Amino acid sequence: METKKRPTFITVLGILGFIGVGWQIISGIITMGAGAVTSAVTSAGSSYAEGLSNIEGMENAEGMDQAMAGLNEAVDAANKLAQNATILGIINIVAALVCLLGIIWMWKLQKKGFFVYVIGEIAAPVATLVLVGFGLGGFMATLGFIFPIIFIILWGLNLKHMS
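Bear in mind that the values here come from a model prediction, so they are computed numbers and not experimental data.

### Topic: the overall build of the protein chain
- If you tally the helices and strands in the protein chain, you get six helices and zero strands.
- Moving toward the C terminus, one meets the helices and strands of the protein chain in the order α-α-α-α-α-α.
- Taking all 163 residues of the protein chain together, 34% fall into the buried category.
- For the protein chain, long-range pairs separated by at least 24 residues make up 75% of all intrachain contacts whose partners lie at least 6 apart in sequence.
- Accessible area of the protein chain: about 9700 Å², with a carbon and sulfur share of 69%.

### Looking at helix H6 (residues 146-157)
- Under the 1.5 Å per step criterion, the end-to-end length of H6 is 17 Å for 12 residues, consistent within 8% with the ideal 16 Å.
- Here H6 has its buried residues at Pro148, Phe151, Ile152 and Trp155. On an axial view of H6, the arc spanned by its buried residues comes to 105°, and they lie on one face.

### Points about the environment of Ile26
- Structurally, Ile26 can be placed in helix H1 (residues 8-53).
- Along the sequence, Ile26 and Ile93 sit 67 residues apart, while their C-alpha atoms lie 8.1 Å from each other.

Definitions and limits used
Residues numbered from 1 in each chain as written. Predicted model: local features only at pLDDT ≥ 70, side-chain atom pairs only at ≥ 80, totals over all residues. Heavy atoms only, no water. Helix = DSSP H or I, 4+ residues; strand = E, 2+ residues; numbered from the N terminus. Buried < 20%, exposed > 50% of the residue type's maximum accessible area, 1.4 Å probe, protein only. Contact = heavy atoms within 4.5 Å. Areas by Shrake-Rupley, 256 points an atom, 1.4 Å probe, with all protein chains shown as cover. Expected span 1.5 Å × (residues − 1). Arc of directions from axis to C-beta.

Structure follows, in structure tokens:
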């Protein structure tokens, strides 16, 4: 029985995928640990925003309302991130392990790995959107879709080599 030779591009995607999984696991661990730090920083940000709003004459300053609204939105997004840091970190790690399984199967030229990989790649940014919201935190989560979509397309273009 003749075994299929893995195309070079799938090898390159696989290596990049393994690196990405490692990075995502590290990121998940950092996210879990960053919850307490983020909570302390957002508490300071809230105090700062409150202090600014209490300064006499600031209520009439040009653009102050917009600046305060933006600062409050950033503090709210950071609070949501801090409150959900542990669950987001766990989701990142689990999603990375799902991606790893998919990459291993695609490395072996098994098409089922692609569908598992897609689920793993989309899970973390979707969870961030759901848990943090669609405001400033949603903008950051949206950025989290860029590389997964690129890699999903690149892997998808190579499905013809898999069975």
